[in-house]
Amino acid sequence: MAEARAPQKSLPKINPVDRPFWEGAKNNKFLLQKCNSCGKVQFFPRIACVDCFGEVSWIEAKGTGKIHSFTLVRVPRNPAFKEEAPIYYINVILDEGVIIESRLLGDNKEKVKMGDRVKVRYEQTHNPDIKLPCFELA
Amino acid sequence: MRRKKVCFVGYGSTEYSRKSEESLLGQYAIAIRDVLNKTGLKKKDINGLSVTTQASPDTAPHVAEQLGFELDWVLNADYGGASGVGAVSRAADAIECGHLDIALLLAGNSFDRSVAHQRQLEYQRGNFVDVYGYGGPNSLMALIQRLHMENFGTTLEQVGKIAVAQRFNAINNPQALFREPMSMQDYLNSRMISDPVRLFDCVMPCSGAECIILASEEKAKQLTDKLVYLVTDAEKIHYQVANMLPEKTTFGMKLVGEKIFSEVKREDIDLFEIYDDYPIAVMIQIEDFGYCKKGDGGKFVDAHDLTYKGDFPVNTGGGELSVGQAGLAGGFLHVIEGLRQLRGEAEGHQVAKAERALVTGIGWLNYGRNLGTTSALVMERRK
């Protein structure tokens, strides 16, 4: 019988479509997809343009934006995050015009308000090859 | 579109439980026996089966084999919370085409841990949401509720009034897990789960099963003298999917409503069975349907009595918020409560004039937007 293991924080299961995004994050770059045909910028990573189904390339975002909405997660779905609750879970509108789901970090996160400016901050996960793009108040 | 010759014939349910480890097949069997007893049908009369669950890796054809159904039509109906209405729509299509004449639409949930549950987190939820320590659907709806409160001035009391009214409706519903009265103060004082979503904004997961019999008009007339017709139904999947700056406080229900109300008058609906994974979702759907302007849902709620005795009866049996959410059977609860009301069988919570009901389903809180599936139907009692 398998021994009970302490819960591990969730990590992405990286696949061929989103690998460039995670490679970018590892090098402190926030990559978005842009359609080669219609120019639409999109996130999360998809196999084709979500609008016209054109082929997509990767562009680097500035990593800045503003808070669209936020919630303080008192009960994380994955118990491995319990010690860090409340988690400041956020929707950010990047300056490139895309909503991103992420997490707000930093000592002043309690002051967050709707519309606050934020900038990306890369967090090392327990996997040395994976960094997670989070945000802090700008 | 307008349906002409499809009727609801009956419904069956189990008790709901927060602890029971009754197997999923056991739950199904209880609900099926209930509907067979109520309708006088024999198992062999049923020639179509739809199954909705996340509590088993077995799909509808496997379930049919285990329960011993020989069929002309089978459907695995997983559209999240929209599965109840979605299964009815698809069965109605097949009945109108003549593929079958009596469909059993089944849904359930079980805490039987000997069976693997079916669904993994979908890709975008797994790779781009769960990694941040989110709190499940509670967090995703909290983002929407905060926007509604911030943009439109909606208050906690307005959101809470929906939960409080539904609890009043549940008091005489024997199936409801929560039947003790709830005050506004109880609502406001309930534990914070994912701000601004509180405990009493959330549904209680439970085990149980629900089933619905849908039939051709011809068969229905042989089976019951309480004819309830499916009048019209519509759905929208992935509204705003290509919009990277979507309006999170408007659901696809806006477009579903336009289709529904091209067939039925808004003011002709007597009662509303509105998918209530959260009270704010009920408020947004009322807006989307055009009963008030977008953003005025709070004022609308203030101006109306939402109880089964009121002028705008919503979730007359208590909804999922007070009855409990037996997994994906949650969306079936609303169809069945509508049917119960129209058949005049809602003892202790019967709406006085119950001829026409609007029933909705919503599902799949998704990345950066709101809902993947939104669907609605209107049912009507005819003499």
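In this text, all values refer to a predicted model and were calculated from it rather than measured experimentally.

1. What to know about the overall build of chain A
And step 1. Scanning chain A from terminus to terminus reveals one helix and eight strands.
And step 2. In sequence order, chain A lays out its α and β elements as α-β-β-β-β-β-β-β-β.
And step 3. Along the first, second and third principal axes, the C-alpha atoms of chain A reach 50 × 45 × 25 Å.
And step 4. In chain A, buried positions account for 35% of the 138 residues.
And step 5. Counted over contacts in chain A with a minimum sequence separation of 6, partners at least 24 positions apart contribute 50%.

2. Here's the deal with the domain arrangement of chain B
Residue and element names in this part refer to chain B.
And step 1. Taken domain by domain, chain B comprises domain 1 (6–113 + 207–228) and domain 2 (123–205 + 230–382).
And step 2. The gap between the C-alpha centroids of domain 1 and domain 2 is 23 Å.
And step 3. Listed per partner, the contact involves 35 residues of domain 1 and 40 residues of domain 2.
And step 4. For the side of domain 1 that touches domain 2, the element with the most residues is helix α3 (residues 83–97), which contributes seven residues.
And step 5. Split by residue class, the side of domain 1 that touches domain 2 holds 16 nonpolar, 14 polar and five charged.

3. A short note on the interface of chain A and chain B
And step 1. Counting from both sides, the interface comprises 34 residues of chain A and, opposite them, 28 residues of chain B.
And step 2. Contributing elements (two or more residues each) for the side of chain A that touches chain B: β2 (41–42), β4 (64–73), β5 (87–94) and β6 (99–105) of chain A.
And step 3. Considering each element in turn, the side of chain A that touches chain B owes the most residues, five residues, to β4 of chain A.
And step 4. Split into classes, the residues belonging to the side of chain A that touches chain B amount to 18 nonpolar, eight polar and eight charged.

4. Some words on the pairing of β6 of chain A
Within a regular strand, the side chains alternate between the two sheet faces.
Residue and element names in this part refer to chain A.
And step 1. Where burial is concerned, most of β6 is hidden: six out of the seven residues are buried.
And step 2. Note that β5 and β6 share five bridges and pair antiparallel. Opposite Val92, over in β6, you have Ile100 as the bridge partner.
And step 3. Two successive antiparallel strands, β5 and β6, enclose a turn made up of four residues, where Gly97 displays a positive phi of approximately 85°.
And step 4. The pairing of β6 with strand β8 (residues 131–137) spans two bridges and is classified as parallel. The residue bridging Leu104 from the neighbouring strand is Phe135, located in β8.

5. Digging into helix α1 (residues 24–39) of chain B
Residues and elements named next belong to chain B.
And step 1. For α1, spanning 16 residues, the distance from its first C-alpha to its last is 23 Å, which sits close to the expected 22 Å at 1.5 Å a residue.
And step 2. Among the residues of α1, Leu24, Gln27, Tyr28, Ala31, Ile32 and Val35 are the ones counted as buried. Taken down its axis, α1 places every buried residue within 125° of arc, on the same side.
And step 3. Residues of α1 that are buried make contact with β1 (6–13), α2 (60–67), β4 (102–109) and β7 (208–216).
And step 4. Residue Gly40 follows α1 closely and has a positive phi angle near 75°.

6. A word on the nonpolar core
Residues and elements named next belong to chain B.
And step 1. In terms of nonpolar packing, the biggest core is built from 152 residues, with Val88, Ile212, Leu214 and Met379 touching the most fellow members.
And step 2. Sort the elements by how many residues they give to this core and α3 lands first, with seven residues.
And step 3. Contact partners of Ile212, with chain neighbours within four places excluded, come to Phe8, Tyr11, Val88, Leu105, Phe332, Val335 and Ile336.

7. Details of the sheet that holds strand β1 (residues 30–35) of chain A
And step 1. If you walk across this open sheet you meet the three strands as β2-β1-β3 (chain A), and the pairing is antiparallel. The two strands at the open ends of the sheet, each matched to only one other strand, are β2 and β3 (56–61) of chain A.

8. Comments concerning the domain arrangement of chain A
Residues and elements named next belong to chain A.
And step 1. Splitting chain A by domain gives domain 1 (15–61) and domain 2 (62–138).
And step 2. Computed over C-alpha atoms, the centres of domain 1 and domain 2 are 20 Å apart.
And step 3. On the domain 2 side, the residues contacting the ten residues of domain 1 number 14 residues.
And step 4. In terms of residue count, the dominant contributor to the side of domain 1 that touches domain 2 is helix α1 (residues 19–26) (three residues).

9. Overview of the pairing of β4 of chain A
Residue and element names in this part refer to chain A.
And step 1. Within β4, eight of the ten residues are buried, leaving the element largely enclosed by the surrounding structure.
And step 2. Sheet topology places β4 next to strand β7 (residues 117–124); three bridges connect them, and they run antiparallel. Note that in β7 the partner of Gly65 across the bridge is Val118.

10. Description of the packing of α3 of chain B against helix α13 (residues 330–342) of chain B
Residue and element names in this part refer to chain B.
And step 1. Running from amino to carboxyl end, α3 crosses α13 at an angle of 65°, the nearest separation of the two axes being 6 Å. With respect to their mutual orientation, α3 and α13 come out roughly perpendicular. In contact with Ser83, Gly84, Val85 and Val88 of α3, α13 contributes Gly331, Phe332, His334 and Val335.
And step 2. Residue composition of the contact of α3 with α13, by class: four nonpolar, four polar and no charged.

Thresholds, definitions, all that
Residues numbered from 1 in each chain as written. Chains lettered and ligands numbered in written order. Predicted model: local features only at pLDDT ≥ 70, side-chain atom pairs only at ≥ 80, totals over all residues. Helix = DSSP H or I, 4+ residues; strand = E, 2+ residues; numbered from the N terminus. Buried ≥ 20, exposed ≤ 12 C-beta atoms within 10 Å, placed from the backbone. Contact = placed C-beta atoms within 7 Å. Domains from an automatic or database assignment. Nonpolar A, V, L, I, M, F, W, Y, C, P; charged D, E, K, R; others polar. Pairing = 2+ DSSP bridges. Expected span 1.5 Å × (residues − 1). Arc of directions from axis to C-beta. Core = buried A, V, L, I, M, F, W, Y, C linked by C-beta atoms within 7 Å. Axes fitted to C-alpha atoms, helices over the stretch in contact; angles between N-to-C directions. Parallel < 35°, antiparallel > 145°, perpendicular 65-115°, else oblique.

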